[in-house]
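# Report on the structure
Residues per chain are reported as follows:
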Amino acid sequence: MRILIVEDEQPAARQLTRMLMEYEPDVHILDVLDSVENTVKWFQNFPPPQLVFMDIQLADGLSFDIFLQTNVSAPVIFTTAFDQYTLKAFKVNSIDYLLKPIDPTELKQALQKFKNLQPANAFDKSMFNELLQAVKQHKYKERFLVKTGQQLYYIPTSEILYAFAEEGMVFLVGRDGKKHAVDHTMEALEASIDPLVFFRINRTYIIRHDAIKKIHHYFNGRLKLDVLHAEKHEVIVSREKAASFKQWLDS
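Residues numbered from 1 in each chain as written. Predicted model: local features only at pLDDT ≥ 70, side-chain atom pairs only at ≥ 80, totals over all residues. Heavy atoms only, no water.

## With respect to the packing of aromatic side chains
How two aromatic rings sit relative to each other is given by the distance of their centres and the angle of their planes. This structure, assessed with the given rule, holds twelve aromatic pairs. Seen in terms of ring centroids, Phe245 and Trp248 are 5.8 Å apart; in terms of plane orientation they differ by 35°. Their pairing is tilted. Taken together, the residues span about one helical turn, with Phe245 and Trp248 both in helix α8 (residues 239–249) at a distance of three residues. For the pair Phe245 and Trp248, a shared accessibility class is recorded, and that class is buried. (Phe/Tyr/Trp six-rings, centres within 6.5 Å; stacked < 30°, edge-to-face > 60°. Helix = DSSP H or I, 4+ residues; strand = E, 2+ residues; numbered from the N terminus. Buried < 20%, exposed > 50% of the residue type's maximum accessible area, 1.4 Å probe, protein only.)

## A few points about helix α1 (residues 10–23)
With 14 residues, α1 ought to run about 20 Å at 1.5 Å a step, and its terminal C-alpha atoms sit 20 Å apart, in line with that. Listed as buried for α1 are Ala13, Leu16, Thr17, Met19 and Leu20. The buried residues of α1 all sit within an arc of 165° when viewed along its axis, so they share a single face. Among the exposed residues of α1, those pointing more than 90 degrees away from its buried face are Pro11, Arg14, Met21 and Glu22. (Expected span 1.5 Å × (residues − 1). Arc of directions from axis to C-beta.)

## A closer look at empty space enclosed by the protein
For the structure on display, the rule yields one cavity of 30 Å³ or more. Considered as a void within the structure, the largest cavity measures approximately 50 Å³ in volume. Every residue along the wall of the largest cavity is listed here: Phe144, Thr157, Ile160, Tyr162, Ala163, Leu172, Leu189, Ile193, Phe198 and Ile206. Among the elements that line the lining of the largest cavity, the one with the most residues is strand β10 (residues 160–166), at three residues. (1 Å grid on protein atoms, 1.4 Å probe; cavity = no way out; pocket = protein on both sides within 12 Å on 5 of 7 lines; lining within 4 Å. Points joined across faces, edges and corners; volume = space filled by probe spheres on them.)

## A few points about the sheet that holds β10
Either a parallel or an antiparallel arrangement is found when strands of a sheet pair, and the pairing is made through backbone hydrogen bonds. A sheet is described by the order of its strands in space; here seven strands give the open sequence β9-β8-β12-β11-β10-β14-β13, paired in antiparallel fashion. Looking along the sheet, the strands with just one partner apiece sit at the ends: β9 (151–156) and β13 (198–200). Taking the axes of each pair of neighbouring strands and ignoring which way they run, one obtains an average angle of 35° across the sheet. Pairing between strand β8 (residues 143–148) and β9: six bridges, direction antiparallel. Note that in β9 the partner of Thr148 across the bridge is Gln151. (Pairing = 2+ DSSP bridges. Axes fitted to C-alpha atoms, helices over the stretch in contact; angles between N-to-C directions.)

Here you go:
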C-alpha cells in the first residue's frame, strides 16, 4: 500500500509510520511532508499515492489550502488534535477523521474502511451526502462576546473587518475601527466564521473581503494589503497563502 504522510510534527509522523508498518506489512511510505507548500509541489510532480494521512494544521497553514492549489485525487484520512474541523474535512476526499493521539483501534478501522472502498480511483462523493448536507446547514457564528476592562458585550460578525493576534491575545476590529479583545485562538476563530467571507492570510491575520481597499505585489512572492482601519499595521499575505488568497477573492 503506497501511503503519503503530511504531518509537521516529527514525533507524530514517526509514531504514525510505526503504527502503519505494524498493521500493514506491505505498506510503503512514499514521503513525509510538513507543509502546504511542499505537499502541493509533491502532488504536482509525483503520481498520486493510494492513500494520504494528512494533518489539518501544518507549519504554513491549514491542509485544506492544498486542495485549492492542486488536484488531490487520492482518498484522505485526516488527523488532528482539533475536532472543530470535522465537517470541513469532509468537503474534500476524506474517508475518515482521526483525533490525536491516534487510537490504534480507530486507525485499524480507518484502514479497513479504506480497503472496503476500493478501488480508490472509483471514489463516489455521493457517499458523503449526509455530511455535505450537514456542512451546508452548518451555522457560522453570528456574534462574538468581547470584553473591555470589566465590561462584556457582543459584536456582530457582520461588523468585523479583520482579526489579529498580538502578544498572546486575539483582537477583532469592527467597522468603526475599534479594537475588541476576544477569548478565542486564531485557529478556533478561523473555524467558526464563514470561509467565503473571511480568509486567514498568515499566522496572525484574518481579513474580511470587503475590508480590503488595495492589493500590492510585495517581495518574495507575497502580497501587501491596504485594509480599512489598519493604517498602522503592515498587513501581508504570506507567500504560502498568496495563490489560495487570489482564488478566494475570485470565487
